Amino acid sequence: MNIVFYLAGPTVAASNGMNEGRIALNPRGLFKRSSIGSSLTPVEVEVERGRMQFFADVLGETDPIYLEKEAALAAGYHDIVALPSFFTVLEAAANKERSRRGDLGSSQLIGSDYRYLLHGIEEYQYSGLIHAGDVLTLTTTVVDFYDKKAGAMEFAVLRSVATHPVRGELVCATRTLIHRLP
Amino acid sequence: MTSETIGPVAVGTELPSISFGPVSRTMLALYAGASGDHNPIHIDIDMAREAGMPDVFAHGMLSYGVLARVASNWTGPDRLRSFSAKFVSMTQVHERVTCSGSVVERFEENGEARIRIAMEARTDEGRVTLSGEALVAI
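### Considering the interface of chain B and chain A
And then number 1: Across the boundary between the two partners, chain B contributes 42 residues, which contact 42 residues of chain A.
And then number 2: Both faces combined, the contact of chain B with chain A buries some 3,400 Å², and carbon together with sulfur accounts for 65% of it.
And then number 3: Viewed at the interface, chain A and chain B are joined by one salt bridge.
And then number 4: The salt bridge involving B:R69 is made with A:E61; its shortest N-O contact spans 2.7 Å.
And then number 5: On inspection of chain B and its partner chain A, the count reaches 11 residue pairs in polar contact (both at pLDDT 80 or more).
And then number 6: Of all the elements, helix α3 (residues 60–75) of chain B adds the most residues to the side of chain B that touches chain A, at 10 residues.
And then number 7: Judged from the five bridges that link them, strand β2 (residues 117–126) of chain A and strand β2 (residues 80–87) of chain B form a sheet pairing that is antiparallel.

Below, the structure is given as structure tokens:
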């Protein structure tokens, strides 16, 4: 079973030691550093209205542009709009699709060890809105590995992009994962 | 698109905060289903114990999603240029969380006037769980 602790401990927030930065070879490291620059299979994901509504409801959203098509149209959108963190839903769907095809997921690609894995930072850059009915292509690339605390913590940076065939890139997500090494 | 300008926004402006909780197991089950993050450590106490945790705990992305709403509800979706947050500490079942933001800077980027909003999520005990920022076009 995959166990991910979504926690970057205080040691991460406070880390500014002299050994920060890139260590060419971290003997304690577990991430597959050779995966840098490689990508997961691009997959198409359909943005389903019901899924958007379910996600918005759970997060307590009440603004009707995220929930009701009529209200979204009246406000000038062409369907309900995705919440800013909805990308996480698309990415989970993309990973599910890759798994169905027997393709690698990001954790296999970078060699995540769930015994030590933490979710450090999640960043989204928005170039356009995601609407219900969009069919988006999701890509994920391994962009960096680095170390802190004299190699006691290693970091992997993944970049995922959701692209619409006409409107182009809509969201670029950068995720930092951490191994707190034994 | 609905894009009237926000108008002058003073540094120091506090955004309306959003609180949620107490975090329940039902909420975590629903977030797992809605998000597609089915990691059992958030929804199955047997799995949580097997991983050495005393209980299930909240998905970091649950609070992240509410924190992002503090920005998007204030600005509308069109003007949000980026949102990022660092996962600082875990949120336990039964805790209440308040997500807040305040304008810390005005600047120019990519030919438009933008503001930087410092954002954080805190439990009722005052522990920070998420620390981040939003960039918004004004």
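### Some remarks on the confidence of the model for chain B
And then number 1: Of the residues in chain B, 95% have a pLDDT of 70 or more, and the chain-wide mean is 94.
And then number 2: Confidence estimates for the predicted assembly give a pTM of 0.89 and an ipTM of 0.94.

### Structural notes on the environment of A:R98
Residue and element names in this part refer to chain A.
And then number 1: With respect to the element layout, R98 can be found in helix α4 (residues 87–101).
And then number 2: With 57 residues separating them in the primary sequence, R98 and T41 have C-alpha atoms 7.2 Å apart.
And then number 3: Other than its neighbours up to four places away in sequence, R98 contacts L40, T41, P42, V43, D103, L104, L138, T139 and T140.
And then number 4: Looking at R98, its side chain comes within polar contact range of the side chain of N95, at 3.0 Å.

Scoring rules and cut-offs
Residues numbered from 1 in each chain as written. Chains lettered and ligands numbered in written order. Predicted model: local features only at pLDDT ≥ 70, side-chain atom pairs only at ≥ 80, totals over all residues. Heavy atoms only, no water. Contact = heavy atoms within 4.5 Å. Buried area = accessible area lost by both parts, 1.4 Å probe. Salt bridge = Lys/Arg side-chain N within 4 Å of Asp/Glu carboxyl O. Polar contact = N/O pair within 3.5 Å; in protein donor to acceptor, adjacent residues only side chain to side chain. Helix = DSSP H or I, 4+ residues; strand = E, 2+ residues; numbered from the N terminus. Pairing = 2+ DSSP bridges. pLDDT = per-residue confidence, 0-100.

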